[in-house]
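# Observations on the three-dimensional arrangement
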Amino acid sequence: MSIAHNSLTGAHLGIRRTKDKVVSKLYWPGVDGDVTRYCRSCVVCQRTVKKGIVPRVLLQKVPLVDTPFKRVAMDIGYIARDQHIHQAAVDEGPSTSSTPVHQSPYPLPYAMRQNLHDELKEMEDLEIIRKSSSPYSSPVVVVKKKDGSNRVCIDYRRLNKLTTFDPQPMTPPAEIFQGMEKDQYFSKLDLSKGYWQIPVRKEDIPKTAFVAMDCHYEFLRMPFGMMNSGATLTRAVKKLLCGMDNVVDCY
């Protein structure tokens, strides 16, 4: 299991892929449970998932990278409310109706309801969302991820039609690669739940409201699915990295 999960070819890819690698070579009764327990005890993996065993900690020394493409995970916290560098905004266009966007919740299979309830409870505990009494409401869509877990998404399409477009440019990949053509060593920083690092502007919080089953919530942190979320994150990271040497781009 160590070779299938921890090695350079294993790359800590999760329970399902680790199990596929193990059973392609070996099999024994209880292999599913053994692989699951092994992956959940991996400290590197637990630092990159939301239900990790490693709590938020202060910055610490990390091991030197001594092999190509080595993964080093660290939790550096998130932008505090009184120290944010940017805020997510939902600016509605001048020709918009003054009537708030309101939709009923989509039907949800009973098999997924408890899972969705747990996800929302965890997001509320993390202060990503809170209970809402907003006149706005967009429906929840549950999307199955590659690792088998569920991602809670909001269908903001009707709200997006009324939102003023943010023209923040994103550098084309071809231009990024041209800037690295003479470089030999690279480091990549990948934000975990990057959108949730940015607070929503106070007056726009009610516009992010969503409904699921018998629940009505609104986002305190920038949600997935809004038209300008990507542009807002790009602008915030560019501002954070401005003036630093040897930074190619953020995307």
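Per-chain numbering applies: the sequence of each chain, read as written, is numbered from 1 onward. In keeping with the predicted nature of the model, local features appear solely for residues at pLDDT of at least 70, side-chain atom pairs appear and are counted solely at 80 or more, and the whole-chain, interface and lining totals rest on all residues. Working from all heavy atoms in the structure, the side-chain values ignore hydrogens and water.

In the annotation of an unreviewed UniProt entry, the protein chain is listed under the name Zinc finger protein and assigned to Elysia marginata.

Let's shift gears to unusual backbone geometry. Despite not being glycine, Glu 127 has its phi angle at roughly 60 degrees, a positive value. Working definition: helices are DSSP H or I runs of at least four residues, strands are E runs of at least two. Numbering for both runs from the N terminus. Summarising the element assignment, Glu 127 is placed in the loop between α5 (110–125) and β1 (129–131). Positive phi is not limited to glycine here, since Met 213 has a value of about 55 degrees. You can see Met 213 is positioned in the loop between β4 (210–212) and β5 (215–219).

Before going further, it helps to spend a moment on the side chain of Thr 163. Along the chain, Thr 163 turns up in the loop between α6 (157–161) and α7 (173–179). In this structure Thr 163 comes out as buried when scored by relative accessible area, which is 12%. A distance of 2.8 Å separates a polar atom in the side chain of Thr 163 from the backbone oxygen of Leu 159. Per-residue accessibility, obtained with a 1.4 Å probe over protein chains only, is compared with the maximum for each type, and a residue is labelled buried under 20%, exposed over 50%, and partly exposed between these values. Two N or O atoms form a polar contact when they lie within 3.5 Å of each other; inside protein one atom must be a possible hydrogen donor and the other a possible acceptor, and for residues adjacent in sequence the pair counts only when both atoms belong to side chains.

A separate point is the sheet that holds β5. Either a parallel or an antiparallel arrangement is found when strands of a sheet pair, and the pairing is made through backbone hydrogen bonds. The pairing criterion for strands is at least two bridges between them, as found by DSSP. Spatial strand order, β1-β5-β4-β2-β3: five strands in an open sheet with mixed pairing. Only two strands of the sheet have a single neighbouring strand rather than two, namely β1 and β3 (150–154). Recorded for the sheet is a direction-independent mean angle of 40 degrees between the axes of neighbouring strands. Here five bridges tie strand β2 (residues 138–144) to β3, and the two strands are oriented antiparallel to one another. Residue Val 143 lies in a different strand from β3, and its bridge partner there is Arg 151. Throughout, an axis means a line fitted to C-alpha atoms (over the contacting stretch in the case of helices), and angles, computed between N-to-C directions, take values from 0 to 180 degrees.

Quick look at a nonpolar patch on the surface now. On the surface, a cluster of nonpolar side chains totalling about 210 Å² of accessible area is made up of Tyr 106, Val 141 and Val 143. Along the chain, Tyr 106 turns up in the loop between α4 (43–46) and α5. Within the patch definition used here, like charges are joined within 9 Å and nonpolar side chains (Val, Leu, Ile, Met, Phe, Trp, Tyr) within 5 Å, considering only residues with over 30% relative accessible area and no salt bridge. To be clear on the numbers: accessible area is Shrake-Rupley with a 1.4 Å probe, and residue cover counts the displayed protein chains and nothing else. Salt bridge, as used here, is a side-chain nitrogen of Lys or Arg placed within 4 Å of a carboxyl oxygen of Asp or Glu.

Pairing of aromatic rings covers Phe, Tyr and Trp, the last counted by its six-membered ring, and requires centre-to-centre distances within 6.5 Å; plane angles under 30 degrees mean stacked, over 60 mean edge-to-face, and any other angle means tilted. For the coordinates displayed, the defined rule picks out four aromatic pairs. Taking the centre distance of 4.8 Å and the plane angle of 20 degrees together, the rings of Tyr 195 and Phe 224 count as stacked. With a gap of 29 residues between them, Tyr 195 in the loop between α7 and β4 and Phe 224 in the loop between β5 and α8 (229–241) connect regions that are remote in the sequence. Overall, the relative accessible area of 28% leaves Phe 224 in the partly exposed class. Relative to Phe 219, the ring of Phe 210 has its centre 5.2 Å away and its plane inclined at 40 degrees; by these criteria the two rings are tilted. Looking at Phe 210, the relative accessible area reads 0%, which means it is buried.

What follows covers the pattern of salt bridges. Inspection of every chain in the model, using the stated rule, returns 10 salt bridges. Sharing partners across several salt bridges, the network here consists of Arg 201, Glu 203, Asp 204 and Lys 207.

Before going further, it helps to spend a moment on the nonpolar core. The criterion is simple. A nonpolar core is a set of buried Ala, Val, Leu, Ile, Met, Phe, Trp, Tyr and Cys residues joined through side-chain atoms within 4.5 Å. In terms of nonpolar packing, the biggest core is built from 28 residues, with Leu 116, Leu 120, Ile 129, Val 140, Phe 210 and Phe 219 touching the most fellow members. For this core, the secondary-structure elements that each account for two or more residues are α5, β2, β3, β4, β5 and α8. We call two residues in contact whenever any of their non-hydrogen atoms come within 4.5 Å of each other. The contacts of Leu 116, once residues within four sequence positions are left out, are Leu 108, Val 140, Val 142, Val 152, Ala 212 and Met 213. Core analysis: the next-biggest nonpolar cluster, separate from the first, contains five residues, Ala 4, Val 22, Val 31 and Cys 39 among them.

With respect to the helices and strands, Phe 219 occurs in strand β5. For the pair formed by Phe 219 and Thr 208, sequence separation is 11 residues and the distance between their alpha carbons is 5.7 Å. Leaving out residues up to four positions away in the same chain, Phe 219 has contacts with Met 123, Ile 128, Ile 129, Ile 154, Tyr 156, Trp 196, Val 200, Ile 205, Thr 208 and Phe 210.

Now for the packing of helix α2 (residues 15–23) against helix α3 (residues 31–40). Two elements in contact, α2 and α3, have axes separated by 9 Å at closest approach and are oriented at 130 degrees. As the angle between them shows, α2 and α3 are arranged oblique. In the crossing of α2 with α3, the sense of the turn from one axis to the other is right-handed. Contact residues: α2 offers Ile 15, Thr 18, Lys 19, Val 22 and Val 23, while α3 offers Val 31, Asp 32, Val 35, Thr 36, Cys 39 and Arg 40. Throughout this entry, Asp, Glu, Lys and Arg are counted as charged residues, while Ala, Val, Leu, Ile, Met, Phe, Trp, Tyr, Cys and Pro are counted as nonpolar. The remaining residues, Gly among them, count as polar. Looking at side-chain class alone, the contact of α2 with α3 contains six nonpolar, two polar and three charged residues. Note on angle classes: values under 35 degrees are labelled roughly parallel, values over 145 roughly antiparallel, values of 65 to 115 roughly perpendicular, and the remainder oblique. Crossings are sorted by hand: turned counterclockwise from the far helix by less than a right angle, the near helix makes the crossing left-handed, and turned clockwise it makes it right-handed.

With that out of the way, let us pick up the confidence of the model for the protein chain. Low-pLDDT portions of the prediction should not be read for the details of their coordinates. Within the protein chain, residue pLDDT values average 76, and 75% of them lie at 70 or more. Residue range residues 79–86 is modelled with pLDDT below 50. Its contacts to residues more than four positions away, or to other chains, number 17 contacts. Summary of the metric used: pLDDT quantifies the predictor's per-residue confidence within the range 0 to 100.

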